[in-house]
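Coordinates in review
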Amino acid sequence: MPAPLAKDYRDRLQHDWWFTTLPPAMAEQMLDAAIVRSFKDKQCIFARGDAPCGLYCIVGGSVRVTGVTEAGKEALLACLDPITWFGEICLFDNLPRTHDAYAQGATVMLQVQQQRMLEILSASPEHWRLLGMLMAVKLRLTFIGMEDLALLPAPQRLARRLLLIAENAMQRDAANCHIEIQQEQLAMMLSLSRQTANQILKELEAQGIVRLAYGRIDILDMPRMRQVARLSEHERTVLPHVGGSV
């Protein structure tokens, strides 16, 4: 059986807001340049301090982005699902990787290596703006998350994070809101204890808003979840563009 090619994933990429905004010529160049890479569960994709290695896109599985102190304490910054592009920061500053990225479960990704991506952008400098758009959405989400952490009660923060993650799941399958995430991971992302996160989720389940299963949360009532989350007009505008970037 021949090895998979990046172009084999073209249909999946049509669910991604960012890829579908690319000029057709740039999209083709990236698919021609991309290599398909497979990672085992918990395998390191890159580590903090590693040299830049290009732009990645998750097409199967998921990726944990973490930071670890010298004492071994871990901060879970994001769980990235298909279809999510990441790694663009190093294209701008050519500095080492800022955090660790690990596969969660069997994971398949497209990788456009650093030098090849820079060559594509150098040939059409106007396309740097498209990479800036990708990074700008993530910066907006970072600011929203910082504000949530400082100002909002835990139930509202948790509901908002679930909505952000669910948006990506619904882009892949509009009929279902299945979120593949462990409660401990969700708690770490929100700086909550696992007990607090579990209590909030149990309350949402009792109200018929979610259904809990091992390693999975199903959103059953999106309108009521949005009521709990109380997103602002700005956040509702940003939401369709986030994919799995949270």
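So, a few notes on the structure that sits alongside this text. No experiment lies behind these values; they were computed from the predicted model shown.

Here we come to the overall build of the chain. From N to C terminus, the chain includes ten helices and nine strands. Over its C-alpha trace the chain gives a radius of gyration of 18 Å, about what one expects of a compact globule, namely 18 Å for 246 residues. Taken along its principal axes, the extent of the C-alpha atoms in the chain is 55 × 45 × 40 Å. Across the 246 residues of the chain, 48% fall into the buried class. For the chain, contacts bridging at least 24 residues in sequence account for 73% of all contacts bridging at least 6. Total accessible area computed for the chain in this model is approximately 12300 Å², and 55% of it derives from carbon and sulfur atoms. Averaging the coordinates of the 26 positive side-chain charges in the chain and doing the same for the 27 negative ones gives two points 3 Å apart.

Another point: the pairing of strand S6 (residues 100-112). Sheet analysis places strand S1 (residues 35-39) next to S6, joined by five bridges and oriented antiparallel. From the neighbouring strand, phenylalanine 39 faces S6, where its bridge partner is threonine 107. Bridge analysis of strand S2 (residues 44-46) against S6 gives two bridges, and the strand direction is antiparallel. Of the residues in S6, the one forming a bridge with cysteine 44 is tyrosine 102. In this sheet, S6 lies alongside strand S3 (residues 55-68) in antiparallel orientation, the contact comprising ten bridges. Looking across to S6, one finds that valine 65 is bridged to alanine 101.

Here we take up the side chain of aspartate 100. Tracing the chain through its elements places aspartate 100 in strand S6. Despite its burial, aspartate 100 remains without a salt bridge, the nearest opposite charge being carried by arginine 48 at 5.5 Å. From its side chain, aspartate 100 meets the backbone nitrogen of arginine 48 in a polar contact 2.7 Å long. Sequence-distant contacts of aspartate 100, that is, excluding residues within four places in its chain, are made with Phe46, Ala47, Arg48, Arg64, Val65, Thr66 and Val68.

The amide bond that connects proline 82 to the next residue, isoleucine 83, takes the cis arrangement and shows omega of -10°. Along the polypeptide, isoleucine 83 turns up in the loop between strand S4 (74-80) and strand S5 (84-86). With a phi close to 55°, serine 191 is a non-glycine residue in the positive phi region. When you line up the elements, serine 191 lands in the loop between helix H7 (183-189) and helix H8 (194-206).

What counts as what
- Residues numbered from 1 in each chain as written.
- Predicted model: local features only at pLDDT ≥ 70, side-chain atom pairs only at ≥ 80, totals over all residues.
- Heavy atoms only, no water.
- Helix = DSSP H or I, 4+ residues; strand = E, 2+ residues; numbered from the N terminus.
- Rg over C-alpha atoms; globule rule 2.2 N^0.38 Å.
- Buried < 20%, exposed > 50% of the residue type's maximum accessible area, 1.4 Å probe, protein only.
- Contact = heavy atoms within 4.5 Å.
- Areas by Shrake-Rupley, 256 points an atom, 1.4 Å probe, with all protein chains shown as cover.
- Lys, Arg positive; Asp, Glu negative; His and termini not counted.
- Charge placed at Lys NZ, Arg CZ, Asp CG, Glu CD.
- Pairing = 2+ DSSP bridges.
- Salt bridge = Lys/Arg side-chain N within 4 Å of Asp/Glu carboxyl O.
- Polar contact = N/O pair within 3.5 Å; in protein donor to acceptor, adjacent residues only side chain to side chain.

Function cannot be inferred from these measures alone, as they are strictly geometric.
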